[in-house]
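Coordinate analysis (summary)
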Amino acid sequence: MHDQGTVPWGPAMIRSAGSPWEIRFDWTLTALMLGAYGLAIFLSALNEETHDTALWAALVTGTYIVVLQALPRSFRERQLAGEILAVSGVLATLTAVFLTEANNGGYVLLVTVPIYFAATFLGFRVGMETALLATFGYLAVVIQVQARVVDRLVTIALYLLMGFTFSQARRLLLLERERGDALRAASQVTSERIRRLESAHHLLIDLAEVASTHDLSAVSVAETALLDLGGTIPIEAGIVYDADGTDAIATMGPPRDPAEAVRYAIRSSDRMLGSVLLWPQDGASLSNHERQIETTLASAALAFENIKLLQTVARRSVQDERSRVARELHDDIGPALASLGLGLDILVQGHADPHVRPQLSGLRHSVTDLVERVRAAVAMLRREDTTTVTEHVHRVAAEIGSGPPRLILDLEERSELDGTTANEVAAILTEAIRNAAEHADAQTIRIEGFISAEGGKVSVLDDGRGFDTHAEYPGHFGLVGMRERAEVIRGTVTISSVPGQGTTLTVQWGI
């Protein structure tokens, strides 16, 4: 069925938003009705029809034309209403043909109006039914007025041909419009995809810029929030906690009684991201600074949310890449090494030269070692995500607070370590940082170096009081424990320090 509208047929259609072929068909219908009706009136005068006959024929057909033109398009395109109008039109025009004894060519032509209307706007079935109804009705009138049927065969063929032709024309035009709509929809989908790809491209550029920032962490965000609050409202100390309220992310000022603090939530929409405890200065009240606190914490909440999103994207990307590499190792390199080992076994068993056999056995042991290393690599790549060394350092920084000492992190962690290595390295760095903060009276602690799949080298540098590395310190086992941890990962710990000039501790493994 045709698309429904709200404008009437006829000249009003030219002002509507219909498709071009709908407008042309509507004008054709109007021209056919008015032309046939005018011809019928003219022929009635020429044929000297009786006044009553001509009047009733013109009245019946004119009423149908007026009704068809006046009804709104949305009503006429309804299936039942359209069929009633088509049948009514056939009856009205055939009545006029009967009254004029089938001798008025205008009324004979006017019978095509309901056929054209049904075929063009209601579809093939209704169009052909209307054409057949008009054909049989016209034959009945011809027989009734005792006219020769043979002379009317052209008219009968015209009715049938019009019903079939315009029904097919409507079907083809609808198919063409559907193709056009499909092309437009596909074009819109393509344009939307391009727009989304462009947006994703810009987001990835921004993400790359953000990801390259070393200070992007919950600790730095929390410290910044505390510093902002400390500079604008009368507080002496503050602590930012994580969402669970158990671990401190950042602190400012000396710790005090929690009962004296005011707690504020850090939220993003309905999600609890953390909380902050603020201790007001003696005699001060924070009630007058609620707006400033809410604004600062809202910015911190947004930053926390962005950090979580960035970490999620990064972890997914890393995990996807790890899975891909694991599949290649397991499916390609592993079987290739196994086949190589099998070939070496055959050579070892079948080669009689005593000088060559030891070399082949050595190669076989090397291949076996490679297979085991590949299996270990696949297992490591398939394991669940663990906390990185960088995250361990951030946690230690949160415990120390905003300082002094001030922590500077310049650590390039190119790939994640296996669980044992990550834990041992993190423990060594944690001990070194705590020693610098608690015993060396350092103002600045710098963690720098790199971590890769092959190994790493990380240094902890402080500007504290330093110590004599050759002296003995009874009862202190921190340095011994760090060296023992380094031995677990087949690494070394070296310490360089001069009293009054700070300390540098370096842990190195795998390279």
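Higher on the page you've got the structure.
Residues numbered from 1 in each chain as written. Predicted model: local features only at pLDDT ≥ 70, side-chain atom pairs only at ≥ 80, totals over all residues. Heavy atoms only, no water.

Notes on the sheet that holds strand S5 (residues 406-413)
Taken in spatial order, the five strands line up as S5-S6-S7-S9-S8 in an open sheet, and their pairing is mixed. Across the chains shown, the open sheet's two edge strands, defined by having one partner strand only, are S5 and strand S8 (491-497). The average undirected angle you get between the axes of adjacent strands in this sheet is 10°. Sheet analysis places strand S7 (residues 456-462) next to strand S9 (residues 503-509), joined by seven bridges and oriented antiparallel. Bridging from a neighbouring strand, Asp462 pairs with Thr503 of S9. On top of the sheet, helix H13 (residues 419-438) reaches S5, strand S6 (444-451), S7, S8 and S9; it is set at about 175° to S9, its chief contact. Here helix H14 (residues 478-488) sits on the sheet and contacts S8 and S9; the angle it forms with S8, its principal contact strand, is near 150°. (Pairing = 2+ DSSP bridges. Helix = DSSP H or I, 4+ residues; strand = E, 2+ residues; numbered from the N terminus. Axes fitted to C-alpha atoms, helices over the stretch in contact; angles between N-to-C directions. Contact = heavy atoms within 4.5 Å.)

Some remarks on the sheet that holds strand S3 (residues 262-268)
Strand order in the open sheet formed by four strands is S2-S1-S4-S3, with antiparallel pairing between adjacent strands. Strands at the two margins of the open sheet, each flanked by one partner only, are strand S2 (248-252) and S3. Neighbour-to-neighbour, the strand axes of the sheet open up by a mean angle of 20°, direction not taken into account. Inspection of the sheet shows strand S1 (residues 235-241) paired to S2 by four bridges, in the antiparallel sense. Bridge pairing links Ile239 to Thr251 in S2. Across the sheet, helix H9 (residues 218-232) touches S1, S2 and strand S4 (271-280), and the angle it forms with S2 is around 30°.

Thoughts on the side chain of Thr506
Topologically, Thr506 is positioned in strand S9. Owing to a relative accessible area of 13%, Thr506 belongs among the buried residues under this scheme. At a separation of 2.8 Å, a polar atom in the side chain of Thr506 contacts the side chain of Ser459. If near-sequence neighbours (up to four positions away) are discounted, Thr506 is found in contact with Lys457, Val458, Ser459, Thr492, Val493 and Thr494. (Buried < 20%, exposed > 50% of the residue type's maximum accessible area, 1.4 Å probe, protein only. Polar contact = N/O pair within 3.5 Å; in protein donor to acceptor, adjacent residues only side chain to side chain.)

Some remarks on the nonpolar core
Ranked by size, the top nonpolar core spans 39 residues in total, and within it Val97, Tyr107, Val113, Phe117 and Tyr138 carry the most contacts. For this core, the elements supplying multiple residues, two or more each, are helix H1 (20-46), helix H2 (51-70), helix H4 (79-99), helix H5 (105-110), helix H6 (112-121), helix H7 (124-144) and helix H8 (153-211). Top contributing element to this core by residue count: H4, with seven residues. Once you skip the residues sitting within four places of it in the chain, Tyr107 turns out to touch Ala40, Ile41, Ser44, Ala54, Ala57, Ala58, Thr61, Thr93, Ala96, Val97 and Thr100. (Core = buried A, V, L, I, M, F, W, Y, C linked by side-chain atoms within 4.5 Å.)

Brief notes about the packing of aromatic side chains
Here the distance between the centres and the angle between the planes together describe a pair of aromatic rings. Per the stated rule, a full pass over the model turns up two aromatic pairs. With 6.1 Å between their ring centres and 80° between their planes, Phe124 and Phe164 make a pair best called edge-to-face. Here Phe124 is found in helix H7, whereas its partner Phe164 is found in helix H8, with 40 residues between them in sequence. The exposure class of Phe164 is partly exposed, given its relative accessible area of 42%. (Phe/Tyr/Trp six-rings, centres within 6.5 Å; stacked < 30°, edge-to-face > 60°.)

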